[in-house]
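Fold and contact review
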Amino acid sequence: MRPLPRLALALSLAPIVAGCSGPGGEGSSATVGEATGASTSAAETETDADTTTEGTTDATTGEDDTPYPWPEEALIAEVEPRIGSGGLGYKVGTINPGASMPFGMIKPGPDTGLGGLQLSFLNCTGYHYDQTHLWGFSHSRINGMGVPDYGALLITPTIGIDDAKVTLGGARSAFDHAEEEASPGYYAATLEDVGVRAELSATPRVALHRYTWDEASDEATVLLNLGYNPGGGASTASSVTIDEAGATIKGMTTVMGGYSNRFGGVPTYFVARFSRPFTGLGVWDDAMTLSEGTASLEGAQIGAWARFSVAADEPLGIAVAISYVSIEEAEANLAAEAPDLDFDGARAAAEAAWEADLRRVRVLGGDETERRIFYSALYHAFLAPTTFNDASGAYRGFDGEVHQADGFTYYSDFSLWDTYRTLHPLLNLVQRDRSGEMMRSLTRMYEDGGDLPKWPLAFGYTGGMVGTSADTVLADAHLKEVGGFDPVKAYEGARLHATAPRSQDGRAGIEGYMSRGWVASDESTSAASRTLEFSIADNALAAMAASLGYSDDAAVFTARSRSYQNLWEPGLGFLIGRRADGTFEVDGFDADAWQGYYAEGTAWHYLWMVPHDAAGLASLMGGEVAARERLAAYMEMSAQYLNGPGYSPNNPVPYYWQSNEPSLHDVYLFTDFGDPASTQRWTEWARQRHYSDAPDGLPGNDDAGTMSAWYVWSAIGLYPNPGTPNYWITAPIFERVELAIGDAAAPGRRLTILAEGAGPGMTYVESAKWNGVALDGPTIPWDRLREGGTLRLGLSAAPTDFGAR
């Protein structure tokens, strides 16, 4: 396939980074994008007189404390948004490569199909790399979501209008990836059947479309399908009004997807303004009956269209603003962010915003592919949660009413069961101000709706997955000293659903969990998983309570955090389902099979779901040596399974499974079991085995950036244990990493990770120093990192005894 035209992209950043450029040339068919150039090692750059300055040495620590002069480069040119946009079975990444601002409300992007067919598991976010046809471009989505949802307002440029074109996928066109471009803030493709070049960009709340027909036509037509949602979803209530004089179409559509249907759907208001006058217009109704000249309609799966007269290569611009409050707010968003329909200006602003956010994490070293995977992962980690308030500050709350976000951005779309493990800890480190606003948003959801959500989408409780991961997310942000939210109010909400049954999204099975110490398998589905998730959340709440001075609560939650031990069945040696009468679910037990008392996993996956008390888990297994030997056997079984003849991406992996959230921390438990060399070995294996720069380059659904954030952590040499103070240390793939960990309260703080010689084969850590002082082992607490400084790692090609017991 033809690589993306990186040269033009890099040149467009000239006002941002002087002298930026990227090479042209042909790319490999094994990747979705072109390399941006040779990697740069720290050693090479530090000897370059044009890009370095002489440093100074801190007399106390012996570490160089001079801000590092990074080479001039355009980091957005390193990003390939289509990584994770393909894959089959459980390797589907569900990435949509469309345009967006960081954490933007609107995300215009391509929706594809196999001809006129979409599949719910492949088209969760509208796009799949292996599909043959573009259906059009919708405007809302959650990155990497594992169920089809959002996808409001499908817009499709075409030629002419007829009954066939207004059916689902009826205006589709073949497209070729050789003519497709994707980069932060920009997407483009050619609709071959109708000869239209389509380009997309975005402000936070407005999508910019630019369509160019390759031949002059008096029948250039744009369809607005209000009934479409991806993967078989469909609007249940829509309305549209066409203002011919103002070249504007406005209305609303109700998203009714796999999660939004749990609370009645998401009314999405829009206004679309066109850059030229209409030469014709019309609507179609629920029966797909066309009504030329009709300018308004109400229904469900309805649509509208506008006709234009265009010359060859004469672009048509469209600005589409959305709101979850009203059409008036959508109009105000348009006026605030794109009054002039300036596509190039919006693209430049989006690229500048992405460049600034990507520069929060700078790396030196690594090869071209590693840098591409890394910065693409960082890009994907900054797409969700979603800005949810209008430019005026108005947002629709969890009580269905309109509220005001004064002085902060209100966010929604928190895939918490996934993101509490990797994404939110990353945002706590390198997006601290935004993280504080996200925590304030979660707290508002409690205040507006009466309960903290488990998996909030838009303004609704979805009840998605198990546990109450908001507890861990809020506690971890507070423990990492993230500001911008009220921790007392947040704790109030977390404590409420951790101690009492709630009508909204609280802890199912909480009564039995509190009275007997586990959720009973004959009273609740996924009971064992719930017990384990509650234990993790209780550990985080214990730490939060203690920091707030609630010592009695801290003692209660600490005791409850050991509830996982009640699931230990010594005869089987696993944490399994247990009934209300105390008997275990031993009949028909199969450690390799999904059981009803687990959520999306096997006994092997949930055996290690105790990251907060590895010592206690090891004790159940007979001590550290026994625990690490069993963990090693588990990892070997996974490697053998994945390389064996029975492996298929269509089947779940019964052992270590990178795309299954409960497994994400497993390799790091080796460190807590006294064998950090095995952590380092298996982290390297997981990076190599499960990540690439191809369309199937993610291990599975990105789940709002969860899998991408795992890669970012594991590539820089740190990994979080949410709700606890500690980070695990492993070998980075880069020689130098610099993270901007400042915030409004303390701007300018930097965390530097130096690992001379990092690269292929240098898998193991042999020494670690923090600000010049040797560490005893490969963990480091937040209270050391909080002020910034330098973590210097010595690496080895062979296993070492550093931190071993």
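Right above here is the structure, for reference.
On a predicted model such as this, the values are computed, not experimentally measured, just so you know. (Residues numbered from 1 in each chain as written. Predicted model: local features only at pLDDT ≥ 70, side-chain atom pairs only at ≥ 80, totals over all residues. Heavy atoms only, no water.)

Bringing the sheet that holds strand 5 (residues 181-183) into the picture now. Strand pairing in a sheet is mediated by backbone hydrogen bonds. Such pairs are either parallel or antiparallel. Read across the open sheet, the 9 strands follow the order 5-6-7-8-17-12-11-10-15; overall the sheet is antiparallel. Of all the strands in the sheet, just strand 5 and strand 15 (296-299) have a single pairing partner and so form its edges. Strand-to-strand twist across the sheet, computed as the mean angle between neighbouring axes with direction ignored, equals 15 degrees. Examined bridge by bridge, strand 8 (residues 206-213) and strand 17 (residues 315-323) share 7 bridges and lie antiparallel to one another. Considered in strand 17, the bridge of Arg210 is made with Gly317. (Pairing = 2+ DSSP bridges. Helix = DSSP H or I, 4+ residues; strand = E, 2+ residues; numbered from the N terminus. Axes fitted to C-alpha atoms, helices over the stretch in contact; angles between N-to-C directions.)

Buried residues of helix 13 (residues 551-560): Asp553, Ala554, Phe557 and Arg560, and no others. Projection of helix 13 onto a plane perpendicular to its axis shows the buried side chains occupying an angular sector of 130 degrees, all on one side. For helix 13, the exposed residues set more than 90 degrees away from the buried face come down to Ser551, Asp552 and Ala559. Those residues of helix 13 that are buried are in contact with helix 10 (487-499), helix 11 (510-516) and helix 12 (527-548). (Buried < 20%, exposed > 50% of the residue type's maximum accessible area, 1.4 Å probe, protein only. Arc of directions from axis to C-beta. Contact = heavy atoms within 4.5 Å.)

Moving on to the side chain of Thr94. In this structure, Thr94 sits in the loop between helix 2 (42-46) and strand 1 (109-113). Look at Thr94 and you get buried, because its relative accessible area is 1%. Reaching out from Thr94, the side chain makes a polar contact with the backbone oxygen of Met145 at a distance of 3.0 Å. When residues no more than four places from it in sequence are discounted, the contact partners of Thr94 are Gly84, Phe121, Cys124, Thr125, Asn143, Gly144, Met145, Asn701 and Asp702. (Polar contact = N/O pair within 3.5 Å; in protein donor to acceptor, adjacent residues only side chain to side chain.)

When you tally the buried positions in strand 29 (residues 736-740), you get 4 out of 5 residues, the bulk of the element. Bridge analysis of strand 18 (residues 361-364) against strand 29 gives 4 bridges, and the strand direction is antiparallel. Counted as the bridge partner of Val363 is Val737 from strand 29. Inspection of the sheet shows strand 29 paired to strand 30 (residues 750-754) by 5 bridges, in the antiparallel sense.

All right, on to the nonpolar core then. Where a protein is soluble and globular, its nonpolar side chains tend to be buried together. One finds Val222, Leu224, Ile249, Phe274, Phe374 and Leu739 to be the most contacted residues of the largest nonpolar core, which totals 202 residues. Apart from the residues lying within four places of it in its own chain, the contact partners of Phe374 are Val361, Val363, Tyr711, Val712, Ala715, Ile716 and Phe734. With 13 residues, the next largest nonpolar core counts Tyr186, Ala321, Phe343 and Ala346 among its residues. (Core = buried A, V, L, I, M, F, W, Y, C linked by side-chain atoms within 4.5 Å.)

This next bit is on the packing of helix 10 against helix 13. Here helix 10 crosses helix 13 at 50 degrees, and the two axes come no closer than 13 Å. The orientation of helix 10 with respect to helix 13, classified from their angle, is oblique. Two packed elements cross with a definite hand, and for helix 10 against helix 13 that hand is left-handed. Of the residues in helix 13, those touching helix 10 at Tyr491, Arg495, Ala498 and Thr499 are Asp553, Phe557 and Arg560. Here the residues of the contact of helix 10 with helix 13 sort into 3 nonpolar, 1 polar and 3 charged. (Parallel < 35°, antiparallel > 145°, perpendicular 65-115°, else oblique. Left-handed = near helix turned anticlockwise from the far one by under 90°. Nonpolar A, V, L, I, M, F, W, Y, C, P; charged D, E, K, R; others polar.)

Scanning the entire structure with this criterion turns up 37 salt bridges. For Lys250, the salt bridge is made with Glu331, and the minimal N-O distance between the two is 2.5 Å. Taken together, the residues Lys250 in strand 11 (residues 248-255) and Glu331 in helix 3 (residues 327-337) connect sequence positions 81 residues apart. Assessed through its relative accessible area of 22%, Lys250 is described here as partly exposed. Relative accessible area serves as the criterion here: at 27%, Glu331 is assigned to the partly exposed category. We note a salt bridge from Arg749 to Asp743, for which the minimum N-O separation is 3.4 Å. The two residues Arg749 and Asp743 agree in class, both being buried. Overlapping salt bridges bring together Glu73, Glu78, Arg362 and Arg371 as one network. (Salt bridge = Lys/Arg side-chain N within 4 Å of Asp/Glu carboxyl O.)

Buried residues dominate strand 6 (residues 186-191), accounting for 6 of its 6 residues. Side chains of strand 6 alternate between two faces, with Tyr186, Ala188 and Thr190 and Tyr187, Ala189 and Leu191 buried alike. The pairing of strand 5 with strand 6 spans 3 bridges and is antiparallel. Residue pairing in the sheet places Glu181 in a bridge with Ala188 of strand 6. Counted along the chain from strand 5 to the antiparallel partner strand 6, the turn is 2 residues long, and its residue Gly185 has a positive phi close to 85 degrees. Of the strand pairs in this sheet, strand 6 and strand 7 (residues 196-202) are connected by 5 bridges, and their pairing is antiparallel. Residue Leu191 lies in a different strand from strand 7, and its bridge partner there is Val196.

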